[in-house]
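Structural overview
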Amino acid sequence: MASLKYKRRPTIEVKVGSTAIGGQNPVRLQSMASTSTMDTPASVAQALRIVEAGAELVRFTAQGVREAENLGEIRRQIRAAGVATPLVADIHFNPRAAFAAAETVEKVRINPGNFVDPGRTFRKIEFTDEEYAAELKRLEAALIPFLEKCRANGTAIRLGVNHGSLSDRIMSRYGDTPAGMVESAMEFLRVFRKENFNDVVISIKASNVVVMVSTVLLLVDAMEREGMAYPLHLGVTEAGDGEDGRIKSALGIGSLLALGIGDTIRVSLSEEPEFELPVARRIMDYIDEIAAAPSITGERNYTLCCGKKRSTEPLGNVGGESLPVVVGESASATYDPEMTPDLYLDTDGEKFQEIDAADVLSGRCPVLENRILLMSSTHADRSLEMAAAIERLSADGVMNPVVVRADYRGLDEETVAVRASIELGSLFLSGLADGLMIVSDSLSAEKSSKLAFSILQSARLRFSKTEFISCPGCGRTLFDLQATLAKVKEATSHLKGLKIGVMGCIVNGPGEMADADYGYVGAGTGRVSLYKGKECVERNIPAEEAVGRLVALIKSCGDWK
């Protein structure tokens, strides 16, 4: 039996101005401004609010050279206010803006999908081996001068891969896959290493939590095989707002951090950017606690997002090939009709055997046949202990389905949402659990049930409501994102099982919402384009008509209820 404990992935240290990322440094928190980068007073004021909320880096969009140059003035005014927090320029499609930003801020984010190549076109293009090799030479020739510019100015780089903006070259060989996202990063990293440029942090993001987590794991494995140890930035892009945005972010970011992966994080919410930091802090508070927790004796053979579910003998609607269940405390409580628990302790108690994870690991827990195991843990790293206990059950030939129960009494509502998403959600990403139960004195029975169903939906295992994929907004956003998202939700939130994207601009819009059934994308000032899947079906319609036209589109396609 092994000794299991949280352990941070070792990386090199990257200096971003006065802040260091990776190495022995703490995980850094960051956010992104939503103001126009040409509005200096608003940008400075918002950056100061973001820093006050706890950010250690602040990112701004820089669509062009003038925005990149104005970041120098924004930086000057922030420094004059006594704040040394590094600034990051976010670049898409415009290498000239990246070169300009290398002189004005401490870090420049480039997207390997559109730094050298044109924007993604969704066209299948065939490359011969010789043509592919020539494309890589062209990439290297365009990238090296930028690395030299950053080296001369002491500017770090964030290499930011997005699921929605892979190059046609990558798409031709790998398609719209995690493997393609990883290769998109590795193409650039090989040039970085060849040129001995090491001040680089990598992010590899998607709005689908399962895609995001599995892709990061693939990237870590690919870098290890090639002897690379660059720091990683984690985030679930277009996570949305409210509880759903927090749950998706906590599940994706937190489950990786719990494995020791990740050196800087951003929670992307369709809200004011300063609201992202308390969520990030709650995630890190949890990670700090499990880092200080005692070790556990057990085995760890499971992997996040492995695509395999633990084999169990079904008992009624629990286990086997059944969807994961939600267990409530009392059948007499009031619940949302769409998110009513499948079982209740007060009426279905005879179906359960309550067990403690520590007892399973110590061999002190004989298991009864024909009982659903309701597993709890009091360990500070309860997710790790329950995972090890479930592995022990399988190793001992125990095929009973397992419902994992976590007691969050004494914690506030948002902390419960964050911790349950990480602790319980990761057990579903690993394929270990057959159901979940959340106990809390800060949530009603109805809210506890909703939270449980939301975790299952974020893990892509059970859909109980409309899913909204929405960006957090930035200086590229072409409409009031928060107000628009609220209108779209009001009109469509009853469409159980549908995925609807609300994106502020075209930069990553069609790609990042590739998983969506319908999309609402800013196309210009006061103009919106509507999508059915990846296909744009209505272009540049007036914003005031867009929600109604979206509803009409959904109805015409037969998806309206």
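Further up the page is the structure itself.
Below is a short write-up of the structure. Just so it is clear, the model here is predicted, and its values are computed rather than measured.

Some details on the overall build of the protein chain
Of regular secondary structure, the protein chain possesses 17 helices and 23 strands. In terms of overall dimensions, the protein chain has C-alpha extents of about 70 × 55 × 55 Å along its principal axes. Residues counted as buried form 60% of the 561 residues belonging to the protein chain. Counting only carbon and sulfur atoms, one obtains 49% of the accessible surface of the protein chain, whose full area is about 20,800 Å². Distance from the positive charge centre (64 side chains) to the negative charge centre (76 side chains) of the protein chain: 3 Å.

What about the sheet that holds strand β6 (residues 87-90)?
Pairing is parallel in the closed barrel, where eight strands are placed in the order β4-β5-β6-β7-β8-β9-β10-β11. Taken together, the two bridges between strand β9 (residues 200-205) and strand β10 (residues 232-234) define a ladder with parallel strand orientation. Paired with Ile202 across the two strands is Leu232, which belongs to β10.

Some points on the environment of Ser376
Of note, Ser376 is situated in strand β16 (residues 372-376). Taking the C-alpha atoms as reference points, Ser376 and Cys305, 71 residues apart in sequence, are found 23 Å from one another. One polar contact links Ser376 to Arg405, side chain to side chain, over a distance of 3.1 Å.

Re unusual backbone geometry
Despite not being glycine, Phe93 shows a phi value in the positive range, around 70°. With respect to the helices and strands, Phe93 occurs in the loop between β6 and α3 (95-101). A relative accessible area of 40% places Phe93 in the partly exposed class. The backbone of Asn196 sits at a positive phi, close to 55°, despite the residue not being glycine. Along the chain, the position of Asn196 falls in the loop between α6 (178-194) and β9.

Focus: the packing of aromatic side chains
The full count for this structure, using the stated rule, is five aromatic pairs. Considering the side-chain rings of Phe192 and Phe197, the 5.8 Å spacing of their centres and the 80° angle between planes classify their relative orientation as edge-to-face. What makes Phe192 buried here is its relative accessible area of 0%. Consider the rings of Tyr335 and Tyr344, whose centres lie 5.8 Å apart with planes at 45°: the pair is tilted. Following the ring pairs from residue to residue traces out a cluster consisting of Phe99, Phe115 and Phe146. Lying over the aromatic face of Tyr408, Arg382 brings its terminal NZ or CZ to 4.7 Å of the ring centre. The ring of Phe463 is capped by Lys499, whose NZ or CZ atom sits 5.6 Å from the centre of that ring.

What counts and what doesn't
- Residues numbered from 1 in each chain as written.
- Predicted model: local features only at pLDDT ≥ 70, side-chain atom pairs only at ≥ 80, totals over all residues.
- Heavy atoms only, no water.
- Helix = DSSP H or I, 4+ residues; strand = E, 2+ residues; numbered from the N terminus.
- Buried < 20%, exposed > 50% of the residue type's maximum accessible area, 1.4 Å probe, protein only.
- Areas by Shrake-Rupley, 256 points an atom, 1.4 Å probe, with all protein chains shown as cover.
- Lys, Arg positive; Asp, Glu negative; His and termini not counted.
- Charge placed at Lys NZ, Arg CZ, Asp CG, Glu CD.
- Pairing = 2+ DSSP bridges.
- Polar contact = N/O pair within 3.5 Å; in protein donor to acceptor, adjacent residues only side chain to side chain.
- Phe/Tyr/Trp six-rings, centres within 6.5 Å; stacked < 30°, edge-to-face > 60°.
- Lys NZ or Arg CZ within 6 Å of the ring centre and 35° of its normal.

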